[in-house]
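Chain by chain, the residues:
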Amino acid sequence: MRLDMNLLLILAVFFLPQAWGQSSRPAVVEAKNITLPAGSEAVLPCHSPRMVWTQDRLKDRQRVVHWDVFHSSPEYSVERILDMSPGARQRVYNGFNKGRVSIPDSAFTDGNFSLIINNVVNTDKGVYTCNLHHHYCQIHESIQIQLNVTKSARKEKRYWDGEKNVLVVLLGSSIVLPCVNRRALWRDGLQEDQQQVAHWDFQPPGVRPNKADRLVDLYASGERRDYGPLFAQSKMRVAEDAFTYGDFSLSISDLMPEDKGLYSCNLHHHYCGLHERRIFRLTVGPSLPREPTTPPRIFLNDELEPKTEEVSEDSPRVVNVFLPEQRGYFVQHLGYFLATFLLLAFIVIAVIVLTRRQKKRGLEYEVGRSVGGTMISEGEIALDCTEMRTYNQDSLNSEFKNNLLKERDMVKECNKEFDGKMWK
């Protein structure tokens, strides 16, 4: 029986799909283009909370494996079968399964977390899930296997349904549900501080990626390796406590055109299987104009003017700007307002006077026209005063000396003649 169990464990490794495999090649998680003027300081950000190093002193309780099963009949239910951590014995939740269901005691040593089920019964049918949790690295992995039970030995088989392994086993037999993960993360004997590495690379324009220059290597153990004189000259720097806060940002001071290129921050946490890369394309533009070193001095009226001092020819010339305080600002603007109001009032009065004069002249013109011109009576008879003067030539040679009296008498004579013609 012991030989059969070992054979089943070996077969489980070959039937297990490559669900746990992960590449150590870093994945690009961020890419930016940064343009800064020459002479300024560039800060290329590179942060990762997962790279914060705190020694995994509780690793025996931070790594956990547990098996669950999902039953679809007679009713839908999820049941915890067992769980285990390196510092504790495996715990079986159902009393019926004690001594019948187990995982190898060396699971956290060789990475074999397969579930062994002896004397399979009909109630064992369902979808089983192997769950691995690493709380320190914040990693959760799982794999599913479906178990079916049959009474015929000819129907025993194993196959892949496109999502998971399906095992059809004979009632009363023993079966191993494979769950093998040999990553160093799940095994003992690792020193996590030697597994965390961060490094910066620089790729000048026209240089291939495999020919990029290594700038610095950082290790969680405290070791640091600088390449080239840039860090020694303090032109480039990375914080000394980078692993304490997870901040690996690169600072470049006094940018020059030769600093243009491709910078990459590579973070490797071999203990947790973390491999990240951040790329920054840095472009250096023209420098900004410098601001004047000595700003213009401003003095108020209440302040005393500065004493003139002899200025040497080598010293820079400063132009002093004096801005007097406008204390009579309100009174001055009030005077502008009153002058404008008086000007408008004078214009209005002049317009009214001119209008009245025009009306008066118009009336005088109408009166003169009525006396010396044409008399019109509602469109029936029009009498010309020239005829009146011809008809009354004898009366015009009268002895009246006042022209106004003459005109009045002439008007009366015209009216009388007009009334006589009307009655005829």
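Described in the following lines is the structure provided in the data block. Note that the coordinates shown come from a computational prediction; the quantities given were computed from them, not determined experimentally.

Quick word on the state of the cysteines
Consideration 1: Using the criterion set out here, one finds two disulfides in the structure.
Consideration 2: Across a sulfur-sulfur distance of 2.1 Å, Cys46 and Cys265 are joined as a disulfide pair. Residues Cys46 and Cys265 share a disulfide whose torsion about the S-S bond is about -70°; that sign makes it left-handed. Taken as a pair, Cys46 in the loop between strand E2 (42-44) and helix H2 (59-62) and Cys265 in strand E18 (residues 261-269) lie far apart in primary sequence, 219 residues in all. As far as burial versus exposure is concerned, Cys46 and Cys265 are alike and both buried.
Consideration 3: What pairs with Cys130 in a disulfide is Cys179, and their sulfur atoms sit 2.1 Å apart. Here Cys130 and Cys179 share a disulfide; its torsion about the S-S bond, -65°, makes the bridge left-handed. With Cys130 in strand E8 (residues 126-134) and Cys179 in the loop between strand E12 (175-177) and strand E13 (196-203), this pair connects stretches of sequence that are 49 residues apart.

Quick notes on the pairing of strand E19 (residues 274-285)
Consideration 1: For strand E1 (residues 27-37) and E19, the ladder comprises 10 bridges, and the chain directions are parallel. Within E19, the residue paired with Asn33 across the bridge is Arg281.
Consideration 2: For E18 and E19, the ladder comprises nine bridges, and the chain directions are antiparallel. Within the sheet, the bridge partner assigned to His269 lies in E19 and is Leu274.
Consideration 3: Here E18 hands over to E19 after four residues, with Gly273 in that stretch at a positive phi of 75°.

Procedures and definitions
- Residues numbered from 1 in each chain as written.
- Predicted model: local features only at pLDDT ≥ 70, side-chain atom pairs only at ≥ 80, totals over all residues.
- Heavy atoms only, no water.
- Disulfide = S-S within 2.5 Å.
- Helix = DSSP H or I, 4+ residues; strand = E, 2+ residues; numbered from the N terminus.
- Buried < 20%, exposed > 50% of the residue type's maximum accessible area, 1.4 Å probe, protein only.
- Pairing = 2+ DSSP bridges.

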